[in-house]
There are 2 protein chains.
Amino acid sequence: MKLETAPEPKYWHLKTVLSDALDTEFTVGEILPNERDLAARFGVARATLRQALEQLELEGRLQRRRGVGTTVAPPRVGVAVDPTRHTWPGAAGDDWQAVAASETDTVPAAVARLLETAPGEAVHVVRRNRVSAGQPVAAELLYVRSDAVSDGVDMVAADPAAGARAVLRALQALDLDGQDRTVELGSARAEDAKQLDRLPGSPVLVVTTRYVSQGRATAVAVSTYRADTCRLTFGEREPEPLLAG
Amino acid sequence: MKLETAPEPKYWHLKTVLSDALDTEFTVGEILPNERDLAARFGVARATLRQALEQLELEGRLQRRRGVGTTVAPPRVGVAVDPTRHTWPGAAGDDWQAVAASETDTVPAAVARLLETAPGEAVHVVRRNRVSAGQPVAAELLYVRSDAVSDGVDMVAADPAAGARAVLRALQALDLDGQDRTVELGSARAEDAKQLDRLPGSPVLVVTTRYVSQGRATAVAVSTYRADTCRLTFGEREPEPLLAG
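Going by what an unreviewed UniProt entry lists, chain A is known as GntR family transcriptional regulator and is assigned to Streptomyces noursei.

Spelled out as structure tokens, the structure:
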């Protein structure tokens, strides 16, 4: 069909038409025809087609990979963000792998505000990764007040993962008063992008969690989830029913 | 400084440098120098500069508006998504304005799956808007099973807002067993974009909430939040402390 007479922006209408075509004519993983053929089929300019393809990529319907082309994406994977129990990072049943820990005195300004640390104050940083169904879904930097976990944490451990586990173990010994979270759009930092198998700057969902103990913020986790393949789930119930199909 | 020798992608490093400059040299609302001048100042190609500006826009640091240019964005606004009490949409203290209601038999496939409605089954749809600090932050379509609220809902009401309120009132009369949510990246539909004062296709955060009553899904809200200006907040505590500064 020709789209010249549509009252909405052309690329928007085209997006709807393409979305229907993805449902009915294509299967997951299938490579789309090239842009010239697609533009000709729908009677639109290449620029209009590209805008529509960008929308569908934002919505997780398409994947564009260099050297492969544009393929039909599988449905997004539901990733539980809000645990039913409120626990410290690293508690039993945690979905994250601790990779390394270090001490730093250069904390991002937003994190320093949440942790209420003084400028230049050293904190522990634990790097963690999350994998779901064999795919990397998230990378995290967990900032922990050094004074809260100073006992029993030897940061000069030869094994970086052992140092990370020591920080997490020290957290478990503290009372957790509560936690709160924000979710916002961001772009993948170079280091996270590598872990997530994405290009730096790709859209990500940034979940910032603050953990409060004895009336003050003790740890802040900045977790970066792939926005193309993940759907974050929150709630009282198991995510499966919501994500069936 | 010249960026030629940076090990990271040039635009990524440039983004970091620009981000620091935004913190130290610019104020909120200030218009950035034009692309040619910025590219010259940082010794990069225009294409590299544009990539960095796109990242900063994704992160909510910059706003690009036609006819105005690129300005420094105010901090994102925290918008509470997870109410401390679990209540139906439209309960006392709700932040949404009901605009209109109608009955439809064309429900998006994803919503029909959550509501467990049969193909072609009619449901009520309530359109709602959310405004925070005078700015539109979200637009919503709330789908309600017709059989759950049939009593006392007259959909031929002359006043569309009155019809919407009638559906919401009918919900309040039901027991709410629980609710769950997903958050994912999306692109603004034309109708929502208009309410949000954005172009169709702009990145948005899509929050899908399922409300369960008497063991079955009774309502599904698809809420579209501006991704450029909003940070969604979840948690036990009031959002203010997390968002201070």
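Caption draft 1: Representation of the pairing of strand β5 (residues 123-132) of chain B. Residue and element names in this part refer to chain B. By the criterion of burial, β5 is predominantly enclosed, with eight of the 10 residues buried. Of the strand pairs in this sheet, strand β4 (residues 96-104) and β5 are connected by eight bridges, and their pairing is antiparallel. Each bridged residue has a counterpart across the sheet, and for glutamate 103 the counterpart in β5 is histidine 124. When β5 meets strand β6 (residues 135-145), the two strands line up antiparallel, connected through 10 bridges. In the strand pairing of β6, valine 123 is matched with arginine 145.

Caption draft 2: Structural context of the sheet that holds β5 of chain B. Judged by pairing direction, the sheet is mixed, and its eight strands sit side by side in the order β3(A)-β10(A)-β7(B)-β8(B)-β9(B)-β6(B)-β5(B)-β4(B) without closing on themselves. Here the strands that pair on one side only, and so sit at the sheet edges, are β3 (77-80) of chain A together with β4 of chain B. Along the sheet, successive strands turn relative to each other by an average axial angle of 25°, direction set aside. In this fold helix α5 (residues 160-172) of chain B packs onto β4, β5, β6 and β9 (216-226) of chain B, with an angle of close to 90° to the strand it touches most, β4 of chain B.

Caption draft 3: Focus on the packing of helix α2 (residues 35-42) of chain A against helix α3 (residues 46-58) of chain A. All names here are of chain A. Put simply, α2 and α3 touch, their axes get as near as 9 Å, and they point 100° apart. Comparing the axis directions of α2 and α3 gives the class roughly perpendicular. When α2 is examined against α3, the residues Glu35, Arg36, Leu38 and Ala39 are found in contact with a partner set consisting of Arg46, Leu49, Arg50 and Leu53. Counted by class, the contact of α2 with α3 contains four nonpolar, no polar and four charged residues.

Caption draft 4: Main features of the environment of glutamate 30 of chain B. Residue and element names in this part refer to chain B. Relative to the assigned elements, glutamate 30 resides in the loop between α1 (10-25) and α2 (35-42). Measuring from C-alpha to C-alpha, the distance between glutamate 30 and alanine 47 comes to 23 Å, with 17 residues separating the pair along the chain. Beyond its immediate sequence surroundings of up to four residues, glutamate 30 is in contact with Glu25, Thr70, Thr71 and Val72.

Caption draft 5: Representation of empty space enclosed by the protein in the model. All names here are of chain A. In total, this model carries two cavities of 30 Å³ or more according to the counting rule given. When its volume is computed, the largest cavity comes out at roughly 50 Å³. What lines the largest cavity is Leu18, Ala21, Leu22, Phe26, Leu32, Leu38, Arg41, Phe42, Leu56 and Leu62. Contributing elements (two or more residues each) for the lining of the largest cavity: α1 (10-25) and α2.

Caption draft 6: Geometry of unusual backbone geometry. Residue glutamine 214 of chain A is not a glycine yet carries a positive backbone phi of 50°. Even without glycine at this site, alanine 133 of chain B takes up a positive phi of about 50°. As for its position among the elements, alanine 133 of chain B is in the loop between β5 and β6. For alanine 133 of chain B, a relative accessible area of 75% puts it in the exposed group.

Caption draft 7: Inspection of the interface of chain A and chain B at higher detail. Each side of the interface is counted separately: chain A has 47 residues, and chain B has 46 residues. Interface area for chain A against chain B, summed over the two sides, is near 4000 Å², with a carbon-plus-sulfur share of 57%. One can count four salt bridges joining chain A with chain B. A salt bridge links arginine 76 of chain B to glutamate 184 of chain A; the nearest nitrogen and oxygen atoms lie 2.8 Å apart. Summed over the shared surface of chain A and chain B, the result is 12 residue pairs in polar contact (both at pLDDT 80 or more). At the level of elements, α1, α3, α4 (109-115), β7 (178-187), β8 (203-213), β10 (230-235) and α7 (240-243) of chain A are the ones that each hand at least two residues to the side of chain A that touches chain B. Tallied by class, residues from the side of chain A that touches chain B come to 21 nonpolar, 12 polar and 14 charged.

What counts and how
Residues numbered from 1 in each chain as written. Chains lettered and ligands numbered in written order. Predicted model: local features only at pLDDT ≥ 70, side-chain atom pairs only at ≥ 80, totals over all residues. Heavy atoms only, no water. Buried < 20%, exposed > 50% of the residue type's maximum accessible area, 1.4 Å probe, protein only. Helix = DSSP H or I, 4+ residues; strand = E, 2+ residues; numbered from the N terminus. Pairing = 2+ DSSP bridges. Axes fitted to C-alpha atoms, helices over the stretch in contact; angles between N-to-C directions. Contact = heavy atoms within 4.5 Å. Parallel < 35°, antiparallel > 145°, perpendicular 65-115°, else oblique. Nonpolar A, V, L, I, M, F, W, Y, C, P; charged D, E, K, R; others polar. 1 Å grid on protein atoms, 1.4 Å probe; cavity = no way out; pocket = protein on both sides within 12 Å on 5 of 7 lines; lining within 4 Å. Points joined across faces, edges and corners; volume = space filled by probe spheres on them. Buried area = accessible area lost by both parts, 1.4 Å probe. Salt bridge = Lys/Arg side-chain N within 4 Å of Asp/Glu carboxyl O. Polar contact = N/O pair within 3.5 Å; in protein donor to acceptor, adjacent residues only side chain to side chain.

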